Amino acid sequence: SQQGEEDPQALSIQEGENATMNCSYKTSINNLQWYRQNSGRGLVHLILIRSNEREKHSGRLRVTLDTSKKSSSLLITASRAADTASYFCATKNGANSKLTFGKGITLSVRP
Amino acid sequence: GAVVSQHPSWVICKSGTSVKIECRSLDFQATTMFWYRQFPKQSLMLMATSNEGSKATYEQGVEKDKFLINHASLTLSTLTVTSAHPEDSSFYICSAETSLVYNEQFFGPGTRLTVL
């Protein structure tokens, strides 16, 4: 079953704007990861945040994690047309190595 | 580093035939490999987890006799879709995990299977 639930499911913004995507999950986690998928391609790992971390940065990406609310957000600053893709959050539970993916968010960045 | 390849990238076959998809970790040894299926505009659904030299662990609802997984070495896993039917048409993605990189799975580019 799907653990992560992202919202919004589709997001369209203008180049240069910030894009914020949210993910909620239901069970306790070991870590939460965000991936990007360009149409018809495999997944690219963006960032991992552990359950004891609250915020993490990587370039134009900022991820937050609120374990009390069981939610995470991915912020892409100064978006570019090349950021157009689907974004998935995925959770990992404890010693179990399985990644459980959310339904994904389709981000469109208009040039 | 940490590149995973899949072959073929796309395949079209007739109903009733079997199709084999290869997943290779090119520059690292994968302790575990995973096979996912993704239908259009949907998320990835884990089909099975495989470790080298042992039987794959299938997720609930995935037929092990239909989706045969062989993990013959630390760099190669294969998924064979036996007696494929149109409903098996999907995007199949593998990923590989290494103990050297904490908790990160490296994904292959996917294989588009179309069953006529």
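Refer to the structure above for everything that follows.
As the structure is a prediction and not an experimental result, all values here were calculated from the model. (Residues numbered from 1 in each chain as written. Chains lettered and ligands numbered in written order. Predicted model: local features only at pLDDT ≥ 70, side-chain atom pairs only at ≥ 80, totals over all residues. Heavy atoms only, no water.)

1. Points about the nonpolar core
In this structure, Phe67 and Leu113 of chain B are the most contacted members of the largest nonpolar core, which totals 26 residues. Apart from the residues lying within four places of it in its own chain, the contact partners of Phe67 of chain B are Arg37, Met47, Tyr58, Val62, Leu79, Thr80, Val81, Asp88 and Tyr92 of chain B. The next biggest cluster of nonpolar side chains, apart from the first, holds 23 residues, and it includes Ile29, Leu46, Ile47 and Cys89 of chain A. (Core = buried A, V, L, I, M, F, W, Y, C linked by side-chain atoms within 4.5 Å. Buried < 20%, exposed > 50% of the residue type's maximum accessible area, 1.4 Å probe, protein only. Contact = heavy atoms within 4.5 Å.)

2. Observations regarding the interface of chain B and chain A
Of the residues lining the interface, 21 residues belong to chain B; the matching set on chain A comes to 21 residues. Scanning the region where chain B abuts chain A turns up 2 salt bridges. Between chain B and chain A we count 5 residue pairs in polar contact (both at pLDDT 80 or more) in total. Broken down by secondary-structure element, the contributors of at least two residues to the side of chain B that touches chain A are strand S4 (32-38), strand S5 (44-51), strand S9 (90-97) and strand S10 (105-107) of chain B. Of the residues forming the side of chain B that touches chain A, the biggest block, 4 residues, is contributed by S5 of chain B. Here the residues of the side of chain B that touches chain A sort into 10 nonpolar, 7 polar and 4 charged. (Salt bridge = Lys/Arg side-chain N within 4 Å of Asp/Glu carboxyl O. Polar contact = N/O pair within 3.5 Å; in protein donor to acceptor, adjacent residues only side chain to side chain. Helix = DSSP H or I, 4+ residues; strand = E, 2+ residues; numbered from the N terminus. Nonpolar A, V, L, I, M, F, W, Y, C, P; charged D, E, K, R; others polar.)

3. Focus: the pairing of strand S5 (residues 43-50) of chain A
All names here are of chain A. For S5, the buried fraction is high: 6 of the 8 residues fall into the buried class. Relative to S5, strand S4 (residues 31-37) is paired through 7 bridges, and the arrangement is antiparallel. Residue pairing across strands places Arg36 opposite Val44, the latter belonging to S5. The antiparallel pairing of S4 with S5 creates a hairpin that spans 5 residues between the two strands, and Gly40 there sits at a positive phi of about 70 degrees. (Pairing = 2+ DSSP bridges.)

4. Thoughts on the packing of aromatic side chains
Centre distance and the angle of the planes are the two values used to describe a pair of aromatic rings. Scanning the entire structure with this criterion turns up 8 aromatic pairs over all chains. With a centroid separation of 6.0 Å and an interplanar angle of 80 degrees, the aromatic rings of Phe101 of chain A and Phe107 of chain B are classed as edge-to-face. Of this pair, Phe101 of chain A sits in strand S10 (residues 99-101) while Phe107 of chain B sits in strand S10, on two different chains. Phe107 of chain B sits in the buried class, given a relative accessible area of 10%. Note on Tyr36 of chain B and Phe107 of chain B: the rings are 5.6 Å apart at their centroids and 40 degrees apart in plane angle, and the pair reads as tilted. Placement of Tyr36 of chain B in strand S4 and of Phe107 of chain B in strand S10 is noted, with a sequence separation of 71 residues between them. (Phe/Tyr/Trp six-rings, centres within 6.5 Å; stacked < 30°, edge-to-face > 60°.)

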